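# Topology and contacts: notes
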Amino acid sequence: MALRHLMSPLDFSVEETEKLLDLAADIEKNPEKYSHVCDGKILATLFYEPSTRTRLSFEAAMMNLGGKVLGFHSADSSSATKGESVSDTIRLITCYADICAMRHPKEGAPLVASLKSGIPVINGGDGGHQHPTQTLTDMMTIRSIKGRLDNLKIGLCGDLKFGRTVHSLISSLSRYPGVSFVLISPEELRVPSYVREGMRAKNIPFEEVVKLDETTMAGLDVLYMTRVQKERFFNEADYVRMKDFYILDKEKMSVAPEDMIVLHPLPRVNEISVDVDDDPRACYFRQVQYGVYARMALILTLLEMEVE
Ligand code: CP
C-alpha cells in the first residue's frame, strides 16, 4: 500500500471516513482492546504554532495505543530558528518516528513536508487553511450525539474567514445528503470565496447572516461557535473591534432549539459565556474527549494496524 497522509478531510472518501469513525466508536467502547496495538511505535509532534488540545490529544492517543511520543511544541525550540526547512526536518523525523502530526502557521507547510516524508504526515492545522483532525473530532461528536451526519442544519458562527476548523468541517459535511449551513459572521469575517464556491458547485443550501438571534437559530441541529483568530489579524484595532461580536449566553440559549447542540473547537475566549457550560446542549468539553478517540483511530488507519 502507498504511504498515506492526511492534509484535508477530503483525503478520505465518505466510506473511509465512516469506517474511521466506526473504529473510533469501537475504541471508545473497548479501550483495553487497543491498549498495546502500537507498542514500539513512535509518534512525532512537530508544532510550529501553539496548541493545547491537538498536540496533547495526539500524544494521549498514541500513549493510549501503547506507543511513545517525541517532538517539539514551538518553532523557537527547534532548528527552524536556525533556518531549517520543513522538508529537511521531516527527512530526519522519518529516522526517529513512525508517524508525524504537524501544525504550522503557513498554509500548505504540512503538505510540503509530506512530499519528502517516509512516514505518514498528519496536518494538525496549517494557518487559516485546514484542520482535518478537528473535523474528525467534530464529526464523531455530532454522529455520537445526534446519531447521524446527514440531514443536518448546521450554524457556524464567528470568524469564518480565518477559522480553519470551519473550512474543513464544511468541506467534509458537504458530502452528506440533506446537509445545509447557516454562516453567521460579521461582513469582514465571512468564509473565503473558495469555500463559498465549493458549496455552490455542489448545490449545498447555505445562507450568510450577521445576527445570532432566535430567528437565525431556528431549526439548527448544531451551532458551531468559533473564536476570532487574533493571531491571523494584521492589526490589533480590527481584532479588538471584532473579538466580542458574538457572545452566546444563557439568554440566547433560552430562545435556541431544545435539541440544538453547541460545539466549539476551543480554545474559547468570550464567545461562549461560562454560564452556558452547564446547559445540557453545551457539548464542547465532550468534543475534546471524542478528539482522542478520533485521533487514535486515525493513527491506526494511517499505520494500517488491524485489530481483531
Ligand atoms: N482545537 C484546537 O485546535 O485547539 P488547540 O489550538 O489547542 O490545538
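Here, every reference points to the structure presented above.
Report follows, based on the coordinates.

What counts and what doesn't
Residues numbered from 1 in each chain as written. Predicted model: local features only at pLDDT ≥ 70, side-chain atom pairs only at ≥ 80, totals over all residues. Heavy atoms only, no water. Pairing = 2+ DSSP bridges. Helix = DSSP H or I, 4+ residues; strand = E, 2+ residues; numbered from the N terminus. Right-handed = clockwise from strand over helix to strand, strands pointing away. Expected span 1.5 Å × (residues − 1). Polar contact = N/O pair within 3.5 Å; in protein donor to acceptor, adjacent residues only side chain to side chain. Contact = heavy atoms within 4.5 Å. Axes fitted to C-alpha atoms, helices over the stretch in contact; angles between N-to-C directions. Core = buried A, V, L, I, M, F, W, Y, C linked by side-chain atoms within 4.5 Å. Buried < 20%, exposed > 50% of the residue type's maximum accessible area, 1.4 Å probe, protein only. Near = heavy atom within 4 Å. Nonpolar A, V, L, I, M, F, W, Y, C, P; charged D, E, K, R; others polar. Phe/Tyr/Trp six-rings, centres within 6.5 Å; stacked < 30°, edge-to-face > 60°. Lys NZ or Arg CZ within 6 Å of the ring centre and 35° of its normal.

The next subject is the pairing of strand β2 (residues 68–72). Two faces, one strand: in a regular strand the side chains alternate between the faces of the sheet. Here strand β1 (residues 42–47) pairs with β2 via 5 bridges, running parallel. Bridged to I42 within β2 is K68. Following the backbone out of β1, through helix α2 (residues 53–64) and into the adjacent parallel β2, one traces a crossover that is right-handed.

As a further point, take helix α5 (residues 132–146). What sets the pattern is the α-helix's 3.6 residues per turn: residues three or four places apart point alike. Compared with an ideal rise of 1.5 Å per residue, which puts 15 residues at 21 Å, α5 spans 20 Å between its outermost C-alpha atoms and is within 8% of the ideal. Following α5 by one or two positions, G147 adopts a phi angle in the positive range, close to 85°.

On to the side chain of T133, then. Within the secondary structure, T133 sits in helix α5. A distance of 3.0 Å separates the side chain of T133 from the side chain of R295, its partner in a polar contact. Sequence-distant contacts of T133, defined by excluding residues within four places in its chain, comprise L6, T54, F58, I122, N123, R295 and L298.

One open sheet holds the 4 strands; their spatial order is β2-β1-β3-β4, and the pairing between them is parallel. Looking at which strands have only one partner, the edges of the open sheet turn out to be β2 and β4 (121–126). With direction set aside, neighbouring strand axes in the sheet form an average angle of 15°. Taken together, the 4 bridges between strand β3 (residues 99–104) and β4 define a ladder with parallel strand orientation.

Attention now goes to the side chain of D279. Mapped onto the elements of the fold, D279 is located in the loop between β9 (261–263) and α11 (284–302). A polar side-chain atom of D279 sits 2.8 Å from the main-chain amide nitrogen of R281.

Turning our attention to the nonpolar core. Nonpolar side chains in soluble globular proteins tend to be buried together. The biggest cluster of nonpolar side chains holds 55 residues, and the ones touching the most others in it are L156, I170, L173, F181, L298 and I299. Once residues within four sequence positions are removed from consideration, L156 is found in contact with V166, L169, I170, F181, V182, L183, I184 and Y224. The next biggest cluster of nonpolar side chains, apart from the first, holds 19 residues, and it includes L220, L248, M260 and L266.

Strand pairing in a sheet relies on backbone hydrogen bonds, with the paired strands running either antiparallel or parallel. In space, the 5 strands of this open sheet follow the order β7-β6-β5-β8-β9, with parallel pairing throughout. Across the chains shown, the open sheet's two edge strands, defined by having one partner strand only, are β7 (206–209) and β9. Going across the sheet, the axis of each strand differs from the next one's by a mean of 20°, ignoring polarity. Pairing of strand β5 (residues 153–157) with strand β6 (residues 180–184), which is carried by 5 bridges, proceeds in the parallel orientation. Within β6, the residue paired with L156 across the bridge is L183.

Glancing now at the site of the ligand. Every residue close to the ligand is listed here: S51, T52, R53, T54, R103, H131, Q134, P265 and L266. R53 is positioned with one of its side-chain polar atoms (N or O) 2.9 Å from an oxygen atom of the ligand. Contacts to the ligand include H131, whose side-chain N or O atom sits 2.8 Å from an oxygen atom. Residue classes in the shell around the ligand are distributed as 2 nonpolar, 5 polar and 2 charged.

Attention now moves to the environment of T94. Among the secondary structure elements, T94 is positioned in helix α3 (residues 86–96). For the pair T94 and I119, spaced 25 residues apart in sequence, the C-alpha separation works out to 5.9 Å. Dropping the residues within four chain positions of it, T94 is found in contact with S117, G118 and I119. Within polar-contact distance, the side chain of T94 engages the backbone nitrogen of G118 at 3.2 Å.

Further remarks concern unusual backbone geometry. Here the residue pair L266 and P267 is connected by a cis peptide bond, since its omega of 5° sits within 30 degrees of zero. With respect to the helices, strands and loops of the structure, P267 is situated in the loop between β9 and α11. Unusually for a residue other than glycine, N151 sits at a positive phi of about 50°. Assignment of secondary structure puts N151 in the loop between α5 and β5.

Another point: the packing of aromatic side chains. The geometry of an aromatic ring pair is captured by the separation of the ring centres together with the interplanar angle, meaning the angle of the planes. Applying the stated criterion across every chain yields a total of 3 aromatic pairs. Between the aromatic rings of F245 and Y246, the centroid separation amounts to 4.9 Å while the plane-to-plane angle is 65°, which identifies the pairing as edge-to-face. Y246 sits in the buried class, given a relative accessible area of 7%. Taking NZ or CZ as reference, R295 lies 5.3 Å from the ring centre of F58, over its face.

By themselves, these figures tell us nothing about what the structure is for.
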